There are 2 protein chains.
Amino acid sequence: MKLDALYSELTLKTKAKLALVVLDGLGDLATPEQNNMTPLEAATTPNLDALVRSGCAQGRMIPVAPGITPGSGPGHLGLFGYDPLEFQVGRGVIEALGLGLELRPGDVAARANFATLDARGVVTDRRAGRIATEICERLCAKLAAQIKSIGDTEVLIKAGKEHRFVVVFRGPGLEGPLTDADPNREGFPIPTVRPRDENNAGQKKMAALVADFYKAALPVLAKEKPANAFLMRGIAHQPHIPLFEERYRLRPAALAVYPMYKGLAQLVGMKKVEGPATIAEQFERYLVEYPNFDFFFIHYKYTDKAGEDGNFLAKMKALEDFDAALPILLRKKPDVLVLTGDHSTPVAVQGHSWHPQPVLLHSAVSGSDKLERFTETGANLGSLGIFESKYLIRLMQANARMFDKFGA
Amino acid sequence: MKLDALYSELTLKTKAKLALVVLDGLGDLATPEQNNMTPLEAATTPNLDALVRSGCAQGRMIPVAPGITPGSGPGHLGLFGYDPLEFQVGRGVIEALGLGLELRPGDVAARANFATLDARGVVTDRRAGRIATEICERLCAKLAAQIKSIGDTEVLIKAGKEHRFVVVFRGPGLEGPLTDADPNREGFPIPTVRPRDENNAGQKKMAALVADFYKAALPVLAKEKPANAFLMRGIAHQPHIPLFEERYRLRPAALAVYPMYKGLAQLVGMKKVEGPATIAEQFERYLVEYPNFDFFFIHYKYTDKAGEDGNFLAKMKALEDFDAALPILLRKKPDVLVLTGDHSTPVAVQGHSWHPQPVLLHSAVSGSDKLERFTETGANLGSLGIFESKYLIRLMQANARMFDKFGA
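Residue numbers restart at each chain and count upward from 1, following the sequence in its written direction. Throughout, the order in which chains and ligands are written sets their labels, letters from A for the former and numbers from 1 for the latter. A pLDDT threshold of at least 70 governs which residues receive local features in this predicted model, and a stricter bar of 80 or more applies before side-chain atom pairs are shown or counted, although totals over entire chains, interfaces and linings include all residues.

Comments concerning the sheet that holds strand 13 (residues 357-363) of chain A
All names here are of chain A. Pairing within the open sheet is mixed, and its 8 strands lie in the order 10-9-11-1-12-13-2-14. Each edge of the open sheet carries a strand with a single partner, namely strand 10 (271-272) and strand 14 (385-388). Here, a strand pair is defined by DSSP locating no fewer than two bridges between the strands. Per the convention used, a helix needs a DSSP run of H or I reaching at least four residues, while a strand needs a run of E reaching at least two, with both numbered from the N terminus. When strand 2 (residues 57-62) meets strand 13, the two strands line up antiparallel, connected through 5 bridges. Bridging across to strand 13, Arg60 finds its partner in Pro358.

If you want it as structure tokens, here you go:
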């Protein structure tokens, strides 16, 4: 029997409230450069410490598989209980979500770069000298003004940072994924895209559309310098993901500030709660929305940002800021509360990493691991052990007493 | 290569003696209500402590999968090395075993409840007011007197506690599983059972038999109050389970007091050793049977019972009673000794739970985790880590030096 089917079969509807608080990129490493302390260890976190001492289970989570560093997409899909290897989201979709585009079922999205072609049509710079964001915005506006649709398909173009932009195709019968319109190195022409599956009619239609899009768009850019062309990658449709509410029998709300995380939540059917701009405001809003939902995904970005910047003190500060806001959430403690990251972003790595992130779970039946604080080293000793992120939501459901007994 | 096939291929016949001692529902939680102590931590267990200090490996086991709370069936199948997701035992079978019925291959068993129907045939009480056990026994005797067989199929009816009973169908060409003859809530009529697989001839025959059984049995109960009807669930045949002795090359004996656990042992082909009524007698009998078997499953019920009752002191006492008897077993220490539970039954949960149960393994090559005692918190730090119960027996075999090297 498939495990997901078993979980579904055992799921009971209860009145429990669950909150998943994601400190993006939470996990870190103790290194000699940082006195063998992680930011979590170095930070002063009295509220978190009190929560731990009130009785929590701890552990560490493998975002995808040993050694795999996830992007935000797989990182969050795992937290939402979807196996990131089974549910893959194209880079175009992630990028579109990240730029705040509202994707609809059936949309195909592509990640695009402005690039430079020589007179023979050979790519001489895959990033067009990393043009300024303002230039990118001007070029995207120019393209969008000229190309609103191709046949029965609407075309949406949105500028990103520097040379990056996103193209969304919205029309009947479209499917991805396609091969990339990107030689992946300089000195070669832009390859024609092909269906990944030659027998898929939707992919064939989509490949023809991309060719038509190039035919229409390249003349618009012909006189631009250096951005006289563009490459397209990760051309794929929004994946068919079972809706969160149906899968877990929980009405979910997303309290996120950054578009990417709102988008990822939306991908699984969470309701975006718009408005709050700080973690304190997010927690205040959680209190207001408490009766309206069963599951709250609350996303905090700044731990990841500091990790990406390799800034130990900033990550420590981000944790202390978070800790200062925590009592707001605890005014109405959910039945099951989890604090964790979507992955580690160690200061020493200056980027996402594969190191299992620490996780803390508090409920009336979480038991206590008798740890004094929530840290990476402490979490190694916890009763949750090391497990794959995709099981977290199942443990939350179990703690919410949402599962019937399996077998007699 | 399938792992089970590899284990089989590597298995050597040795003279080792292995003992699996199951303290039912052993695992527990530290909660503020109990001074942050588990019963294992609070109990005085000098004999167990001495065993730990003599050199043991510890860890924790996930009975089925993260968050899944197992019944005794899946819990024990896991301990016996059978993946509980692959080998599912119907509730009817478990219940029949629990009532001490000897099931034969091909038998289909159903769990039944006396219930109350109104004049329109709507279920108004799924448990007929939880009638007394004596009434249940009288009604079962009445049914059994009227219905001995249907066509070529023998019908066996056995009363359980309160409103519960079991029906076993013994005849040619029967198969399960069927859907339940139970609306699962009041206010609906009893649904007609259907084959789970519409193309399965044995299930079709079985569904027709259940319909005939209802036709014959309901008139017998028509004038009873409040138990004028019954519901049937978990209608399934005994699963085809590879025999323990063939699978592991170990002659197994079961020393259990309660019928359910004898039944589960019998399901995998263990020899039931009848007679002992206390854990001390079970250990005494182990000493006597030592030359006759290679593998001893010894089951101790009272830890689970106390957990179900939410009685911390009773669970502590059950552990101390167990500890007092332990020296009897240790008079003839098996080559591999394991103490564990089939699942946790935390006092705070007052029922089975999903929390990984602690496990202790002692052998000449178990090594020592240098822990002072056997507790949940200590087991978190052990060299066995957290693993699925189904691997326990493989670790026992390895410790018994029963596996050849894999590859050169």
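Here we look at helix 3 (residues 46-53) of chain A
All names here are of chain A. Note on burial: count the other C-beta atoms lying within 10 Å of the residue's C-beta; 20 or more is buried, 12 or fewer is exposed, in between is partly exposed, and C-beta positions come from the backbone. Among all positions of helix 3, only Leu48, Leu51 and Val52 are buried. Considered in projection along helix 3, the buried side chains sweep an arc of 100 degrees and stay on one side of the axis. By the convention adopted here, residues make contact when the C-beta atoms placed from their backbones lie within 7 Å. In this structure, the buried residues of helix 3 make contact with helix 12 (312-330) and strand 13. For this quantity, the arc is that covered by the directions from the helix axis to the C-beta atoms.

Regarding the packing of helix 6 (residues 133-146) of chain B against helix 7 (residues 201-221) of chain B
All names here are of chain B. Put simply, helix 6 and helix 7 touch, their axes get as near as 10 Å, and they point 130 degrees apart. As summarised for this structure, helix 6 and helix 7 are arranged oblique, according to the angle between their axes. In this structure, helix 6 crosses over helix 7, and the sense of that crossing is right-handed. In this structure, helix 6 contributes Leu139, Lys142, Leu143 and Gln146 to the contact, and helix 7 contributes Ala217, Val220 and Leu221. Whenever a helix is involved, its axis is fitted only over the stretch in contact; in every case the axis is a line through C-alpha atoms, and angles between N-to-C directions fall within 0 to 180 degrees. Angles below 35 degrees are treated as roughly parallel, those above 145 as roughly antiparallel, those between 65 and 115 as roughly perpendicular, and all remaining angles as oblique. What makes a crossing left-handed is the near helix being turned counterclockwise from the far one by less than a right angle; a clockwise turn instead makes it right-handed.

Structural notes on the domain arrangement of chain A
All names here are of chain A. Domain segmentation is taken from an automatic or database assignment of domains. The domain boundaries assigned to chain A delineate domain 1 (12-89 + 241-399) and domain 2 (93-237). Averaged C-alpha coordinates put domain 1 and domain 2 at centres separated by 34 Å. Across the boundary between the two partners, domain 1 contributes 8 residues, which contact 6 residues of domain 2. It is helix 9 (residues 259-267) that contributes the most residues to the side of domain 1 that touches domain 2, 5 residues altogether. We call Asp, Glu, Lys and Arg charged. Ala, Val, Leu, Ile, Met, Phe, Trp, Tyr, Cys and Pro are nonpolar, and the rest, Gly among them, are polar. A per-class count over the side of domain 1 that touches domain 2 returns 5 nonpolar, 3 polar and no charged.

Notes on the relation of the copies chain A and chain B
Aligned on chain B, chain A shows an RMSD of 0.4 Å; the corresponding rotation is 123 degrees and the shift along the axis is 0.3 Å. The superposition of one copy onto the other is thereby described by a three-fold rotation axis. No C-alpha of chain A approaches the rotation axis more nearly than that of Leu381 of chain A, which lies at 3.6 Å. By residue overlap, the copies meet through two different surfaces: only 8% of the interface positions of chain A are interface positions in chain B. Only residues with pLDDT of at least 70 in both copies contribute their C-alpha atoms to the least-squares superposition of the copies.

Focus: the interface of chain A and chain B
Taken together, the 24 residues of chain A in the interface contact 35 residues of chain B. For the side of chain A that touches chain B, the secondary-structure elements that each account for two or more residues are helix 1 (3-10), strand 14 and helix 14 (392-399) of chain A. The element that contributes the greatest number of residues to the side of chain A that touches chain B is helix 14 of chain A, accounting for 4 residues. Partitioning the side of chain A that touches chain B into residue classes produces 12 nonpolar, 8 polar and 4 charged.

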